[in-house]
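Tertiary structure, described
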Amino acid sequence: MEKTQARIGRRFQGKVAIVTASTQGIGFSIAERLGLEGASVVISSRKQNNVDEAVEKLKGKGIEALGVVCHVSNPQQRKNLIDVTVQKYGKIDVIVSNAAVNPSIDPILLTKESILDKLWEINVKASILLLQDAAPYLKKGSSVIFISSIAGYSPESSMAMYGVTKTALFGLTKALAKEMAPDTRVNAVAPGFVPTHFAEFLTKTESIRTSLEEKTLLNRLGTAEDMAAAAAFLASDDAAYITGEILVVAGGVQSRL
Ligand code: NAP
């Protein structure tokens, strides 16, 4: 972490960033990274106590942070997230859409309709609806980042439908990059395996963890900070000529050409 702090600059000074599902894991690290680089960050998740704790942690690092409860599939809470941000900071420069669920390991053809609906609703539809609410405030130079997954390239059988929703985010990245150009850039990060709570079902078993590490070229799992560095790059002016792209951050795990 000290090494990271030594490397980071102040690319988001004066900027305002919303990160969904950001009270722990990859979302929290993205908020922290943007905040350490000068952004005012608006973090959110379903549970008030998680939001409060995360805000305290960020403030403890000298970051300007606001916490808002937002279950991404709740329309009022999504609208409130945008409204409260604009009321407090007057604008939105960066939106990172990070929330996802992976509720089933069933094969696609055996997955219940209610689970299919939930996957679509949280992993894809909520991102679209949040951006519909935010769009009037996204001015020239703004940036949207979707957190997809390498599972979107080749959905593994144990998380096949989840993978398909992540594939949909690749399409959404391309489609919205066109629709929101030239004022707003739209890109995605496709993380490899990161040992967060979300991935515990894979990474807590030593043998599975080792096999995942062996799939990488760099002999390790990713960290939330690795993902945050990539998201911050795409959201920053360093990526001013990049839109409609997917940045794979997976330690060399096979994903695409
Ligand atoms: P995580 O550590 O488990 O964190 C999940 C966060 O999301 C928590 O802050 C949680 O807080 C919040 N959350 C959960 N459901 C929510 C909802 N419906 N609305 C709003 N917030 C919600 O997860 P993660 O591993 O960082 O995953 C983040 C993203 O990275 C996901 O899109 C995931 O698909 C992607 N990803 C992860 C990996 C990996 O290996 N970890 C790999 C590829 C892609 P509350 O409980 O308070 O809501």
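Before any of the text, the structure's been laid out above.
What comes next concerns the included structure.

Cut-off values and rules
Residues numbered from 1 in each chain as written. Predicted model: local features only at pLDDT ≥ 70, side-chain atom pairs only at ≥ 80, totals over all residues. Heavy atoms only, no water. Near = heavy atom within 4 Å. Polar contact = N/O pair within 3.5 Å; in protein donor to acceptor, adjacent residues only side chain to side chain. Areas by Shrake-Rupley, 256 points an atom, 1.4 Å probe, with all protein chains shown as cover. Helix = DSSP H or I, 4+ residues; strand = E, 2+ residues; numbered from the N terminus. Nonpolar A, V, L, I, M, F, W, Y, C, P; charged D, E, K, R; others polar. Phe/Tyr/Trp six-rings, centres within 6.5 Å; stacked < 30°, edge-to-face > 60°. Buried < 20%, exposed > 50% of the residue type's maximum accessible area, 1.4 Å probe, protein only. Expected span 1.5 Å × (residues − 1). Arc of directions from axis to C-beta. Contact = heavy atoms within 4.5 Å.

**Examining the site of the ligand**
Near the ligand lie 28 residues; those nearest to it are Thr 23, Ser 45, Asn 98, Tyr 162 and Thr 196. Within the contact set of the ligand, an oxygen atom lies 3.0 Å away from a backbone nitrogen or oxygen of Phe 198. Its free accessible area being 900 Å², the ligand has 93% of it covered by the protein chains. Where the shell around the ligand is concerned, the elements lending two or more residues are helix H2 (25-36) and helix H6 (160-180). Counted by class, the shell around the ligand contains 13 nonpolar, twelve polar and three charged residues.

**Digging into the packing of aromatic side chains**
The tally for this structure, following the rule as stated, stands at two aromatic pairs. Centroid distance Tyr 153 to Phe 170: 4.5 Å. Interplanar angle 35 degrees. Geometry classified as tilted. Here Phe 170 lies in helix H6 and Tyr 153 lies in the loop between strand E5 (138-147) and H6, a separation of 17 residues in the sequence. Classification of Tyr 153 by relative accessible area gives partly exposed; the value is 24%.

**Quick notes on the environment of Gly 62**
Topologically, Gly 62 is positioned in the loop between helix H3 (48-60) and strand E3 (65-69). Residues Gly 62 and Gly 35, 27 residues apart in the sequence, show an inter-C-alpha distance of 8.4 Å.

**Considering H3**
Between the first and last C-alpha of H3 there are 18 Å, a value that for 13 residues agrees with the 18 Å anticipated at 1.5 Å per step. Every buried residue of H3 is accounted for by Val 51, Ala 54, Val 55 and Leu 58. Buried residues along H3 cover an arc of 105 degrees about the axis, so they all sit on one side. Counted as exposed and oriented over 90 degrees from the buried face of H3: Glu 53, Glu 56 and Gly 60. Taken together, the buried residues of H3 touch H2, strand E2 (40-45) and E3. Positive phi appears at Gly 62, one or two residues downstream of H3, with a value of about 80 degrees.

That is the geometry; function is a separate question.
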